[in-house]
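Read off the chains here:
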Amino acid sequence: MTQPLVVVDADVLGRERTGDETYVRNLLRELPPHAAAAGLAVAAVTRRPELVPAGVRPVELRTRSQELRMLWTLPRLLRRLGAALVHTQYALPPGLRCPGVVTIHDLSFERHAGLMGRRDRLVFRAVVPRAARRAARVLTVSERSKRDLVDLYGLPPAKVVVTPNGVDPVFRPGPPGARDYLLAVGAVQERKNQLAALAAAREVGLPLVVAGPAKDAALAERLRGEGARLEGYVTTERLAELYRGAACLIQASRYEGFGLPVLEAMACGTPVVAAPDPALVEVAGAAAVVVEEAQLAEGVRRALRERERLVEAGLQRARAFSWAETARRTVEAYREVLAA
């Protein structure tokens, strides 16, 4: 008997899309055993088939226009493959003939519209609500994002499934560096609030290193001009080195759906100072120093004083999150949809 085929849209692989790419890469790596136990086959549609992990069938699809891809080439490919279910992020193709599961990481473009560029905001507001309502299940990464989806889009709570992110195996304790800098991780954009992290770093007398692609060129230039060292997009291996070498991570974001750098830093044995964003607090638990933006410098001083306690608490907290559990919950959602 032929196994039902679940097709994951993995177009983000190899495109330096930070959190979205991290999610797909790790989910695909952990899906095969859970899918097999559920009697499901898994394929990944991507322009970079060489990046698809073992146990997942790679299907190459190259289209220059993302609009054409969603409107025409991806729906045609799904029909040709005989997909029983498709799993995407943020958007679902129109004219879909099989059930769709969509992952929506956060609704920052709804809650804090000014923190995203106008074009991106308009695209997200046109596409995401429609996908959320059409999908058979909506997956999201935190209880905070689930509340936003229910409150803003009127989705039934039972339709929204929380599948928290995990920790990539590369993020683990290792030989420490000099611990002579503070680290901020995330794309350079207003929402990530790296200027507040830089102000705190100056106040405590340590340089700031920023790891993440420069989505806002003017902000990146300002950060450089005021003394921050911008690493740009980095590999997971380099990011792990940066975590291990940092005195602490400053995550000053104004809005997050999850806050993966908090978890990654903890897994590397690095203390965390975070803004009181609900998602960051949800991820960190009691294992980070959580302070308002104006107290970030004092939060850093406290993290340095309490380093030993925070390292141990962070390692313990990070062990509570795994991509294997993410995959298990995801496959359970697939099974519910296919059984309906």
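Position numbers for residues count from 1 along each chain, tracking the sequence in the order it is written. Two thresholds apply to this predicted model, a pLDDT of at least 70 for residue-level local features and 80 or more for giving and counting side-chain atom pairs, whereas whole-chain, interface and lining totals are computed over all residues. To obtain the side-chain values, all non-hydrogen atoms of the structure were used and water was disregarded.

> Just give me the short version of the sheet that holds strand S8 (residues 182-185), but keep the residues and values in it.
Two strands pair under a simple rule: DSSP has to find at least two bridges between them. In this text, helices come from DSSP runs of H or I with a minimum length of four residues, and strands from runs of E with a minimum of two, each type numbered from the N-terminal end. In space, the six strands of this open sheet follow the order S10-S9-S8-S11-S12-S13, with parallel pairing throughout. The open sheet terminates on both sides in strands that have one partner only, identified here as strand S10 (229-232) and strand S13 (289-290). With four bridges joining them, S8 and strand S9 (residues 208-211) adopt parallel strand pairing. Note that in S9 the partner of Leu182 across the bridge is Leu208. Only heavy atoms matter for contacts: two residues are in contact if any of them lie within 4.5 Å across the pair. Angular values range over 0 to 180 degrees, each being the angle between N-to-C directions of two axes fitted as lines to C-alpha atoms, with helices fitted over their stretch in contact. Each of S8, strand S11 (248-251) and strand S12 (272-274) is contacted by helix H9 (residues 260-267), which is oriented at about 170° to S11, the strand it contacts most.

> Give a detailed account of the side chain of Thr140, specifying residues and quantitative values.
Inspection of the secondary structure assignment puts Thr140 in strand S6 (residues 137-140). Three exposure classes are used, based on accessible area relative to the maximum for each residue type with a 1.4 Å probe and protein chains only: buried under 20%, partly exposed in between, and exposed over 50%. In this structure Thr140 comes out as buried when scored by relative accessible area, which is 0%. When near neighbours in sequence (up to four residues on either side) are disregarded, Thr140 contacts Ile104, His105, Ser145, Lys146, Leu149, Val160, Val161, Val162 and Thr163.

> Give a description of the sheet that holds strand S4 (residues 85-89) that names residues and reports values.
The parallel open sheet is built from seven strands, whose spatial order is S3-S2-S1-S4-S5-S6-S7. The sheet is open, and its two borders are formed by strand S3 (57-60) and strand S7 (160-162), each paired with just one other strand. Mean inter-strand twist for the sheet, computed between neighbouring axes without regard to direction, equals 25°. Bridge count between strand S1 (residues 5-9) and strand S2 (residues 41-46): five bridges; the pairing is parallel. Counted as the bridge partner of Leu5 is Ala41 from S2. Packing against the sheet, helix H2 (residues 66-81) makes contact with S1, S2, S3 and S4, and its axis sits at approximately 155° to S1.

> Would you mind going over the pattern of salt bridges in detail, with residue names and values included?
For side chains of opposite charge, pairing can occur when their charged atoms come near one another. The term salt bridge refers to a side-chain nitrogen of Lys or Arg lying within 4 Å of a carboxyl oxygen of Asp or Glu. The full count for this structure, using the stated rule, is 31 salt bridges. With its nearest N and O atoms 3.0 Å apart, the salt bridge here joins Asp11 to Arg47. Of this pair, Asp11 sits in the loop between S1 and helix H1 (18-37) while Arg47 is found in the loop between S2 and S3, placing the two residues 36 residues apart along the sequence. A relative accessible area of 22% means that Arg47 is categorised as partly exposed. Where Arg137 meets Glu336, a salt bridge forms, and the shortest distance between an N and an O atom there is 3.2 Å. Pair noted here: Arg137 is in strand S6 and Glu336 is in helix H13 (residues 323-339), with a separation of 199 residues, a long-range link. Assessed through its relative accessible area of 19%, Arg137 is described here as buried. Judged by its relative accessible area of 36%, Glu336 is partly exposed.

> Run through the nonpolar core, naming residues and quoting values.
Only buried residues count toward a nonpolar core. Its members are Ala, Val, Leu, Ile, Met, Phe, Trp, Tyr and Cys residues joined through side-chain atoms within 4.5 Å. Membership of the largest hydrophobic core comes to 33 residues, with the highest contact counts inside it found for Phe171, Leu183, Tyr243, Met266 and Val272. Those elements that place two or more of their residues in this core are S8, S9, helix H8 (236-245), H9, S12 and helix H10 (278-284). It is H9 that contributes the most residues to this core, six residues altogether. Tyr243 has contacts with Phe171, Leu183, Val185, Leu249, Pro261, Glu264, Ala265, Cys268 and Thr270, leaving out every residue within four places of it along the chain. Core analysis: the next-biggest nonpolar cluster, separate from the first, contains 32 residues, Leu81, Tyr90, Leu96 and Ile104 among them.

> Outline the side chain of Asp277, supporting the account with residue identities and numerical values.
Of note, Asp277 is situated in the loop between S12 and H10. What makes Asp277 buried here is its relative accessible area of 5%. A polar atom in the side chain of Asp277 sits 2.9 Å from the side chain of Arg144. Residues within four places of Asp277 in sequence aside, it is in contact with Arg144, Ser253, Arg254, Tyr255 and Glu256. Two N or O atoms form a polar contact when they lie within 3.5 Å of each other; inside protein one atom must be a possible hydrogen donor and the other a possible acceptor, and for residues adjacent in sequence the pair counts only when both atoms belong to side chains.

> Tell me about unusual backbone geometry, and name the residues and values.
The phi torsion at Tyr90 lies on the positive side, around 70°, for a residue other than glycine. Along the polypeptide, Tyr90 turns up in the loop between S4 and strand S5 (100-103). Of the residues examined, Tyr90 reaches a relative accessible area of 11% and is grouped as buried. Backbone geometry places Asn193, a non-glycine residue, at a positive phi of 60°. With respect to the element layout, Asn193 can be found in the loop between S8 and helix H6 (194-204).

> So, helix H7 (residues 217-225): which residues are in play, and what are the values?
Among the residues of H7, those classed as buried are Leu219, Ala220 and Leu223. In an axial view of H7, the angular spread of the buried residues amounts to 100°, which keeps them on one side of the axis. The exposed set on the far side of H7, more than 90 degrees from its buried face, consists of Ala217, Ala218, Glu221 and Gly225. Packing partners of the buried residues in H7 comprise H6 and S10. Here the arc refers to the directions that run from the helix axis out to each C-beta atom.

From the geometry alone we can't say anything about function, so treat these as descriptive.
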